[in-house]
Amino acid sequence: MSAGSERGAAATPGGLPAPCASKVELRLSCRHLLDRDPLTKSDPSVALLQQAQGQWVQVGRTEVVRSSLHPVFSKVFTVDYYFEEVQRLRFEVYDTHGPSGFSCQEDDFLGGMECTLGQVVKNNLNPVWEAFKVSLSSLCSCEETRPLKCLVWDYDSRGKHDFIGEFSTTFEEMQKAFEEGQAQWDCVNPKYKQKRRSYKNSGVVVLADLKGVLLPGLYHGRLPDPLHRAGSGSPGPAQLLAPGPLQVAIDFTASNGDPRNSCSLHYINPYQPNEYLKALVSVGEICQDYDSDKRFSALGFGARIPPKYEVSHDFAINFNPEDDECEGIQGVVEAYQNCLPRVQLYGPTNVAPIISKVARVAAAEESTGKASQYYILLILTDGVVTDMADTREAIVRASRLPMSIIIVGVGNADFTDMQVLDGDDGVLRSPRGEPALRDIVQFVPFRELKNASPAALAKCVLAEVPKQVVEYYSHRGLPPRSLGVPAGEASPGCTP
């Protein structure tokens, strides 16, 4: 389930005014549902119910996903989120033949997230699990007194795990118990306890270590996301990170095809946008929310440009090297449309110069010792990178700087090189063998997403950016940028 917010005024369920309210979008998916149909897989759907005046009221229902035990629903629910209040939601899972018996849980809004350790210690009655990290917002929605239920299972390779026992606690209780050296809980199986008078427990769970690390929160858009608050207990203005200027780089190499030809990805069509414009608008409108002033540096590479028509791999598409910024994504679109007839598509596809150009700006920002700006470079290209070695070197160096790179693949070419740069299958290394300090590249094949909903596209494009931002500031040990958010718009709470 994911959520996005939009600031607005609303009324609480009881009719009272709620000046601090957001519209929150919920998107649902399920995993490992039980198969209740005898001949085929179940056809699940989910109903959303909200508690109002002590009664459960259905506020919506997803579409039916046919024959799936791992459905992803396209239906988006929009509900009001009232700050400092708890709204209770319930999700009921059905198949097309009626209630399916799937495991459903009623919980507080945005608070019932399952935090699975996911580690298995085999053939051991005294297991010691490895340390793991979990954010306080995921664990208990930053409410340290919210009840937590911990369940222990006996792993079965066939998936039929045996329930050992459970215990309940709170984060506040865990902290106190750990400080007092008494951080252990009886792991109790309710069925055994009910049947056996002499039953005490099925073992004891011991909290061996507990450490809290203050991480900067991530600020999305002009107003702070109320679900991502600043450091716990910190006074003064909220400390939130604002990914800064968006840099757009467009591939003008000849491999895209002659713009006068309808087969070209840069085809100049007065009636409909070409593939580059579709990608630019779709992805750019998502990324622009991370730029507070909505002025974007717009660059091109791989073309012969006027007046001498020499090949350039980092030119301003508005032909103003002193000020390459455009007003909003629409300004970038207009600059692109004016640029295209004036340049000669050429080559090769050298990406390293663009990355190095933005990296120099990011390095200058970092040299201030504050790094209050975090740069996002959006590269739109049609395929194979010619200077792969130099590009790898540039990315490895940039991994130490306040920047991320989103590469959007346009067209149907082979994007194997882009997937290598993404680094999801392993740590990216320079030709000299030096590893990237962070994974800063996200590759998006636009051909697979151009018909997707804006929500699905946004999820793919920004899948890794928030983590990359937080990793940079955490690694550098830099304090998050203070935005001086007015009182009432954000308050100290918890790390994301």
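Notes on the structure follow. (Residues numbered from 1 in each chain as written. Predicted model: local features only at pLDDT ≥ 70, side-chain atom pairs only at ≥ 80, totals over all residues. Heavy atoms only, no water.)

This next bit is on the overall build of the chain. In terms of helices and strands, the chain carries 10 helices and 24 strands. Taken across its 496 residues, the chain has 43% of its residues classed as buried. The long-range share in the chain, meaning contacts at least 24 apart out of those at least 6 apart in sequence, stands at 68%. Split by element, the accessible area of the chain, about 26900 Å² in all, is 49% carbon and sulfur. (Helix = DSSP H or I, 4+ residues; strand = E, 2+ residues; numbered from the N terminus. Buried < 20%, exposed > 50% of the residue type's maximum accessible area, 1.4 Å probe, protein only. Contact = heavy atoms within 4.5 Å. Areas by Shrake-Rupley, 256 points an atom, 1.4 Å probe, with all protein chains shown as cover.)

Quick look at the nonpolar core now. Residues Phe252, Ile317, Leu380, Ile406 and Val408 are the most contacted members of the largest nonpolar core, which totals 45 residues. Counting residues per element, this core draws most heavily on helix H4 (residues 275–287), at seven residues. Excluding residues that lie within four positions of it along the chain, Ile406 makes contacts with Cys287, Ile376, Leu377, Leu378, Ile379, Gln442, Val444, Val461, Leu462 and Val465. Ranked by size, the runner-up nonpolar core spans 29 residues in total, among them Ala352, Ala362, Met418 and Phe443. (Core = buried A, V, L, I, M, F, W, Y, C linked by side-chain atoms within 4.5 Å.)

Relative orientation of the contacting elements H4 and helix H5 (residues 328–339) amounts to 160 degrees, with a least axis distance of 10 Å. As far as their axial angle goes, H5 and H4 are roughly antiparallel. Considering only the axes of H4 and H5, their crossing is right-handed. Only Ile329, Val332, Val333, Tyr336 and Gln337 of H5 make contact with H4, whose side of the interface consists of Tyr276, Leu277, Leu280, Val281, Gly284 and Glu285. Counted by class, the contact of H4 with H5 contains eight nonpolar, two polar and one charged residues. (Axes fitted to C-alpha atoms, helices over the stretch in contact; angles between N-to-C directions. Parallel < 35°, antiparallel > 145°, perpendicular 65-115°, else oblique. Left-handed = near helix turned anticlockwise from the far one by under 90°. Nonpolar A, V, L, I, M, F, W, Y, C, P; charged D, E, K, R; others polar.)

Taking strand neighbours across the sheet as the criterion, the three strands line up as S18-S17-S21 in an open arrangement whose pairing is antiparallel. A strand with exactly one partner marks an edge of an open sheet, and here the two such strands are strand S18 (310–312) and strand S21 (344–345). Pairing between strand S17 (residues 303–305) and S18: three bridges, direction antiparallel. Directly across from Arg304, in S18, lies its bridge partner Val311. (Pairing = 2+ DSSP bridges.)

Further remarks concern the packing of aromatic side chains. Here the structure, examined in full by the defined rule, presents eight aromatic pairs. Their ring planes at 10 degrees and their centres at 5.4 Å tell us that Phe167 and Trp185 sit as a pair that is stacked. Taken together, the residues Phe167 in strand S10 (residues 162–169) and Trp185 in strand S11 (residues 184–186) connect sequence positions 18 residues apart. You can call Trp185 buried: its relative accessible area is 12%. (Phe/Tyr/Trp six-rings, centres within 6.5 Å; stacked < 30°, edge-to-face > 60°.)

Turning next to the pairing of strand S16 (residues 295–301). The element S16 is largely enclosed, with a buried count of six among its seven residues. Across three bridges, S16 lies against strand S20 (residues 325–327) in antiparallel orientation. For Arg295, the partnering residue across the bridge sits in S20 and is Glu327. Of the strand pairs in this sheet, S16 and strand S19 (residues 315–316) are connected by two bridges, and their pairing is antiparallel. Bridging from a neighbouring strand, Gly300 pairs with Phe315 of S19.

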